Amino acid sequence: MEKAVKKYSGFLNFLRTPTPTLIGIYIVMMLLFSLTSDKFLTIQNIKGIFNNFAVFGILAAGVTVVMIGGGFDLAIGSTAGLAGIVSSVLLMKGIEIPTPYVFIIAILIGCLVGLINGLIITKVGINPIITTLGTLAIFRGVCYFWADLNPRVYNLFVQSIGRIYLGNVFPITTLYIIIAFVVLTLIFKFTRFGRDLFTIGGNETLARLAGIPVDRIKILSYVISGFFAAIAGLLLISQLGSGRPEYGNGAELEVLTIVVLGGVVVGGGRGNYLGVFIALMIIQTITNGMVLLDVPVYLRMVVKGALLVLVIAIDAIRNKRHLQLY
Amino acid sequence: MGGDKVSDNNSMILRMENITKIFPGVKALDDVSIDLYKGEVLGILGENGAGKSTLIKILAGNYIKDSGDIFIDGEKFEIKGPAEAMASGIRVIYQELNTINNLTVAENIFVGEQIIKSPLKIVDWKGMTKKAEDLLAVMNVKLDPNAIIGDLTVSEKQVVEIAKAISQEAKILVMDEPTAALSEEETQSLFKIIRTLKSKGVAVIYISHRLKEIFEITDRVTVLRDGKKVGTLKTKESDSNKLVEMMVGRDIKDMYPKRHVPIGEIVMEVNNLTAAGFDNISFNLKKGEILGIFGLLGSGRSSLVNALFGANKIKNGDIFINGKKLKIKSPSMARDARIGLVPLDRKAEGLALMMGVKENITLANIADLGKSFLIARRQEYKKAGKWVEEIGIRTPSVDQEVNSLSGGNQQKVVLAKWLESGSQIIILNEPTRGVDVGAKIEIYKLMQDLCEKGSSIIMISSELPEILSIADRIIVMSKGRFTEEYKVCDASEEGLLRSACL
């Protein structure tokens, strides 16, 4: 029955991902909100939407890498918090380490956290959810060592990295996200690391039997996630103008919602950044639109949760129909 | 086919009449009719994609037919879901067993149907154990009802599934490739159970690729091809050539093509190798040779080949490749020594099902695609395309997800991966398991092509006719030890089985 087997081109493969559904939902949502609120389609508001998702977007960039390799990273929020508070302390009056060094230290902290997670997960062999649940708590605890300092960020350059608008409209943070997503997409498509990552997420036993350096690639994926968490931490202190030990608290759940909504499969092997980007816009637009419509906070949570389940359900039903063929 | 009658006066228990099932773009079943009598075993034979599974899933209520009628005990019956199929006494034992590993045999048998003591509505453990014992006794099996399923062998788990089926008064028992994971000996004990059930009036539908089993256990056999019924024969009045011809739709004179390839010098020598699962194994492999390894489940044959491939840690002993001593500590070292492994469970260990044909072919040797960290995509297409053509992988394109290929073509993709890596020693663990006859023959031919080109092959097989026809030399293992070595001209089915039980 080989003749009957459907042929998949790149475009048909794309149609099978949840991304088209997401695009549809996004369009419907935009229409709905712009018809019900006259404040929605204003430049001011759109600017706000884009600027607000900067931190989540950067975190999602890293978590997507980990999840495609079949892993899980709950420690991103506290890693961002740690990188943020350490940098803001180092920038404090009286310490004033030069900004480039602060950035390097922040990124090293992020990568180190990722390395620790990766080593525990691959070399000790502890489940990634448990591992990162543990390191989530550990590094959040470490953040509180500086709790009494309340460092404010006066460094103008640091303030600017999260606050500039290109042409006074387009937030530079969105550009960061787009650059990160595009670069990672190219890495996924054109590099050995990307291919090996998808292979590991698709079938880890196979990857091991094919001689792919599974542990090394998984560790690297956590380091990449830590790297982006550190950048998110820098954006946090830039946008908020201070360092607080609780920054980034709970970000992991919001980011996981975005990433999974965007079609990254829990367990690995499938996902793309276009979907993640649209999911990011959807989640932020919902939050914003419902604020404008004065929807109570608890109802906003209900809507976000329902949307996640709905999109994943649509995807599951479509895939089931696909699988039934065989 | 009007003349499908059984000679004795048994009553017809099931008739599926003119069943058609259409999936988007595929007519999976086209006007297929079968009938089944009380106390008979009906074989259903066909290549992958012939419609066997679809037919069974309709009977089990997992699929809804598009047209046609189903009669049970002469009455028309609409199967709308699994519950109705169960209620009318249909039980299906799928290839993938559905036992729960943490529970005991008795708990598994009565899962969802626990025996309840009435006043307090609590589980009657004693009654359940007793009834489980009775059921196992009916089948003539010695199995402790309190044993934990996880500790049992595959065949024992299957026995538990059968016990579960008959505990709920199965009238029709469907078995989908039940022997795929069983050794010859275990197959025989399964047949004993089937015969016992038969004598108690249970009708059995037996699906298999293995012709030998069809001849041994079935009374009649229905052959499907491309979703259509080719015919139904009395097993006694048919022979394997005829059945293969019906299945494949062409005349196949020889199931096992054997060419004579000149055998060269020793390429691999294994001395006193010991690792988890086996002890002190020595053998050698020569250029152009197909070395068969035979043994029952648990004989250590898979542990041995995994050790040769660096996937099972070697405790003791030496491996020489082309005369050079080599410590193989990981699959990547084995790959670099030009050894390839086509593993036992191709879906779990051999393929990334969600990825395309080309990605699966190049994934073990991606370092060779361009010197940098980038993948040379054009070169990748070319290489994948070359293998697709050279070994005849039937796929619409190299981008096709391997998930949607047939078992035989999937197996060829796994093999292509190692050919692409330049493997000279190829280890195949049950290469034709779950592969249809047509593809089997192609795989045998391919193996011999490889030998002609100077590769050497180690093949594990538990199918006696296969190993006896394809291998040049056979070593037999039992309980982790080497027991005997045969030149294929001196080997016989009886001899191999005897050595495998030593």
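The rules behind each value
Residues numbered from 1 in each chain as written. Chains lettered and ligands numbered in written order. Predicted model: local features only at pLDDT ≥ 70, side-chain atom pairs only at ≥ 80, totals over all residues. Heavy atoms only, no water. Helix = DSSP H or I, 4+ residues; strand = E, 2+ residues; numbered from the N terminus. Rg over C-alpha atoms; globule rule 2.2 N^0.38 Å. Buried < 20%, exposed > 50% of the residue type's maximum accessible area, 1.4 Å probe, protein only. Areas by Shrake-Rupley, 256 points an atom, 1.4 Å probe, with all protein chains shown as cover. Contact = heavy atoms within 4.5 Å. Lys, Arg positive; Asp, Glu negative; His and termini not counted. Charge placed at Lys NZ, Arg CZ, Asp CG, Glu CD. Disulfide = S-S within 2.5 Å. Domains from an automatic or database assignment. Salt bridge = Lys/Arg side-chain N within 4 Å of Asp/Glu carboxyl O. Axes fitted to C-alpha atoms, helices over the stretch in contact; angles between N-to-C directions. Left-handed = near helix turned anticlockwise from the far one by under 90°. Nonpolar A, V, L, I, M, F, W, Y, C, P; charged D, E, K, R; others polar. Polar contact = N/O pair within 3.5 Å; in protein donor to acceptor, adjacent residues only side chain to side chain. Core = buried A, V, L, I, M, F, W, Y, C linked by side-chain atoms within 4.5 Å. pLDDT = per-residue confidence, 0-100. Pairing = 2+ DSSP bridges. Expected span 1.5 Å × (residues − 1). Phe/Tyr/Trp six-rings, centres within 6.5 Å; stacked < 30°, edge-to-face > 60°. Lys NZ or Arg CZ within 6 Å of the ring centre and 35° of its normal. Arc of directions from axis to C-beta.

### Some points on the overall build of chain A
Here is step 1: For chain A, the count of helices and strands is 15 helices and 2 strands.
Here is step 2: Relative to the 2.2 N^0.38 estimate, which gives 20 Å for 326 residues, the radius of gyration of chain A is 20 Å and therefore close to what a compact globule would have.
Here is step 3: For chain A, buried positions account for 54% of its 326 residues.
Here is step 4: Working note: accessible area of chain A is about 14200 Å², and carbon and sulfur atoms make up 71% of it.

### Side note on the overall build of chain B
Here is step 1: For chain B, the helix and strand inventory stands at 17 helices and 22 strands.
Here is step 2: Against the globule reference of 23 Å for 502 residues, chain B gives a C-alpha radius of gyration of 24 Å, in line with a compact fold.
Here is step 3: For chain B, the C-alpha atoms occupy an extent of roughly 70 × 50 × 50 Å along the three principal directions.
Here is step 4: Classification of the 502 residues of chain B by burial places 57% in the buried group.
Here is step 5: In chain B, 66% of the contacts between residues at least 6 apart in sequence involve partners at least 24 apart.
Here is step 6: Counting only carbon and sulfur atoms, one obtains 49% of the accessible surface of chain B, whose full area is about 21100 Å².
Here is step 7: A distance of 3 Å separates the average location of the 69 positive side-chain charges in chain B from that of its 68 negative side-chain charges.

### Focus: the state of the cysteines
Residue and element names in this part refer to chain B.
Here is step 1: Counted according to the given criterion, the structure contains 0 disulfides over all chains.
Here is step 2: Just so you know, C451 is unpaired, no disulfide at all, and the nearest cysteine sulfur is the one on C489, 17 Å from it.
Here is step 3: By relative accessible area, which is 3% here, C451 ends up buried.
Here is step 4: According to the relative accessible area criterion, C489 is exposed, its value standing at 65%.

### Overview of the domain arrangement of chain B
Here is step 1: Segmenting chain B into domains produces domain 1 (1–89 + 171–252), domain 2 (97–169) and domain 3 (266–500).
Here is step 2: Once you take the C-alpha centre of each, domain 1 of chain B and domain 3 of chain B turn out to be 33 Å apart.

### What about the pattern of salt bridges?
Here is step 1: On inspection of all chains with the given rule, the structure shows 29 salt bridges over all chains.
Here is step 2: Note that D30 of chain B is salt-bridged to K228 of chain B, the shortest N-O span being 3.9 Å. With a gap of 198 residues between them, D30 of chain B in strand β2 (residues 26–37) and K228 of chain B in strand β12 (residues 228–234) connect regions that are remote in the sequence.
Here is step 3: The partly exposed category is assigned to K228 of chain B, whose relative accessible area is 45%.
Here is step 4: The shortest N-O distance in the salt bridge between K358 of chain B and E359 of chain B comes to 3.0 Å.
Here is step 5: In the salt-bridge network here, residues are joined through shared partners; they are K123, E204, R208, D215 and K218 of chain A.

### Describing the packing of helix α4 (residues 54–68) of chain A against helix α14 (residues 273–292) of chain A
The relative placement of two packed helices comes down to the angle between their axes together with the axis-to-axis distance.
Residues and elements named next belong to chain A.
Here is step 1: It is the contact of α4 with α14, at a shortest axis distance of 11 Å, that shows an interaxial angle of 145°. As for how α4 packs across α14, the hand of that crossing is right-handed. Across the interface between the two elements, F56, G57, A60, A61, T64 and V65 from α4 touch Y273, V276, L280 and Q284 from α14.
Here is step 2: Class assignment of the residues belonging to the contact of α4 with α14 gives a composition of 7 nonpolar, 3 polar and no charged.

### A few points about the side chain of E420 of chain B
All names here are of chain B.
Here is step 1: Along the chain, E420 falls in helix α14 (residues 407–420).
Here is step 2: A polar contact is formed between the side chain of E420 and the side chain of K383, at a distance of 3.3 Å.
Here is step 3: A polar side-chain atom of E420 sits 2.8 Å from a polar atom in the side chain of W387.
Here is step 4: Contacts of E420, omitting those with residues within four sequence positions, involve I361, N365, K383 and W387.

### With respect to the nonpolar core
Here is step 1: If you look at the biggest cluster of nonpolar residues, it comprises 168 residues, and the most contacted ones within it are I282 of chain A together with M268 and I339 of chain B.
Here is step 2: Residues in contact with I339 of chain B, not counting those within four places in the same chain, are M268, L308, F309, I321, I328, A334, W418, S423, I425 and I427 of chain B.
Here is step 3: Counting residues in hydrophobic clusters, the runner-up holds 46 residues, among them I93, I166, V204 and M247 of chain B.

### Looking at the environment of V230 of chain B
Here is step 1: With respect to the helices, strands and loops of the structure, V230 of chain B is situated in strand β12.
Here is step 2: The spatial distance from the C-alpha of V230 of chain B to the C-alpha of N312 of chain B is 46 Å, given a sequence separation of 82 residues.

### Structural notes on the confidence of the model for chain B
Residues and elements named next belong to chain B.
Here is step 1: On average, residues of chain B score 86 in pLDDT, and 94% of them reach the 70 mark or higher.
Here is step 2: Of all helices and strands in chain B, the one with the weakest mean pLDDT is strand β7 (residues 116–117) (78), whereas strand β20 (residues 456–460) scores best (96).
Here is step 3: Confidence over residues 1–9 falls short of pLDDT 50; this stretch has 15 contacts with residues more than four positions distant or in other chains.

### Some points on the sheet that holds strand β18 (residues 339–342) of chain B
Strands pair in a sheet through their backbones, by hydrogen bonds, and they do so in one of two ways: parallel or antiparallel.
All names here are of chain B.
Here is step 1: Ordered in space as β18-β19-β20-β15-β21-β22, the 6 strands form an open sheet in which the pairing is mixed. The sheet is open, and its two borders are formed by β18 and β22 (481–487), each paired with just one other strand. Averaged over all neighbouring strand pairs, the angle between strand axes comes to 20°, with direction disregarded.
Here is step 2: Pairing analysis gives 4 bridges linking strand β15 (residues 290–294) to β20, with the strands arranged parallel. Bridge assignment links I290 to a residue of β20, and that residue is I457.

### Regarding the sheet that holds strand β3 (residues 41–45) of chain B
Residues and elements named next belong to chain B.
Here is step 1: Read across the open sheet, the 6 strands follow the order β6-β9-β10-β3-β11-β12; overall the sheet is mixed. Either end of the sheet is taken by a strand with one partner, and the two such strands are β6 (90–93) and β12. Within the sheet, the average angular offset between the axes of one strand and its neighbour, ignoring direction, is 20°.
Here is step 2: Here 4 bridges tie β3 to strand β11 (residues 220–225), and the two strands are oriented parallel to one another. Residue pairing for β11: G43 is matched across the bridge by V221.
Here is step 3: The strands that helix α1 (residues 52–60) touches are β3, β6, β9 (172–176), β10 (203–207) and β11; relative to β10, the one it contacts most, it runs at about 150°.

### Quick notes on α14 of chain A
Residue and element names in this part refer to chain A.
Here is step 1: Helix length check: α14 (20 residues) gives 28 Å between terminal C-alpha atoms against 28 Å at 1.5 Å per residue, within 8%.
Here is step 2: By the criterion of burial, α14 is predominantly enclosed, with 16 of the 20 residues buried.
Here is step 3: Capping the start of α14 is the job of one residue whose side-chain oxygen sits 3.1 Å from the backbone nitrogen of L274: N272.

### Observations regarding the side chain of S238 of chain B
All names here are of chain B.
Here is step 1: Among the secondary structure elements, S238 is positioned in the loop between β12 and α8 (240–248).
Here is step 2: In this structure the side chain of S238 is engaged in a polar contact, spanning 3.0 Å, whose partner is the backbone oxygen of T235.
Here is step 3: Ignoring sequence-local partners within four residues, the contact set of S238 consists of F215, L233 and L243.

### As for the packing of aromatic side chains
Here is step 1: Evaluation of the coordinates by the stated rule reveals 12 aromatic pairs over all chains.
Here is step 2: An angle of 85° between the planes, with centres 5.1 Å apart, marks the rings of F227 of chain A and F228 of chain A as edge-to-face.
Here is step 3: One aromatic cluster is present, formed by F50, F53, F181, F188, F198, Y273 and F277 of chain A through successive ring pairs.
Here is step 4: The cationic tip of K358 of chain B hangs over the ring face of Y381 of chain B; the distance from NZ or CZ to the ring centre is 4.7 Å.

### Overview of helix α17 (residues 493–500) of chain B
All names here are of chain B.
Here is step 1: Buried within α17 we find G495, L496, S499 and A500. Projection of α17 onto a plane perpendicular to its axis shows the buried side chains occupying an angular sector of 130°, all on one side. For α17, exposure combined with an orientation more than 90 degrees from the buried face picks out E494 and R498.
Here is step 2: Contacts from the buried residues of α17 go to β15, α16 (464–470), β21 (473–478) and β22.
Here is step 3: A side-chain oxygen of the first residue of α17 lies 3.0 Å from the backbone nitrogen of G495; this N-cap is S492.

### Observations regarding the pairing of β6 of chain B
For a regular strand, the rule is simple: side chains alternate between the two faces of the sheet.
All names here are of chain B.
Here is step 1: Neither face of β6 is open: one carries I90 and V92, the other R91 and I93, and all of them are buried.
Here is step 2: In the sheet, β6 pairs with β9 via 4 bridges, with the strands oriented parallel. Residue pairing in the sheet places R91 in a bridge with L173 of β9.

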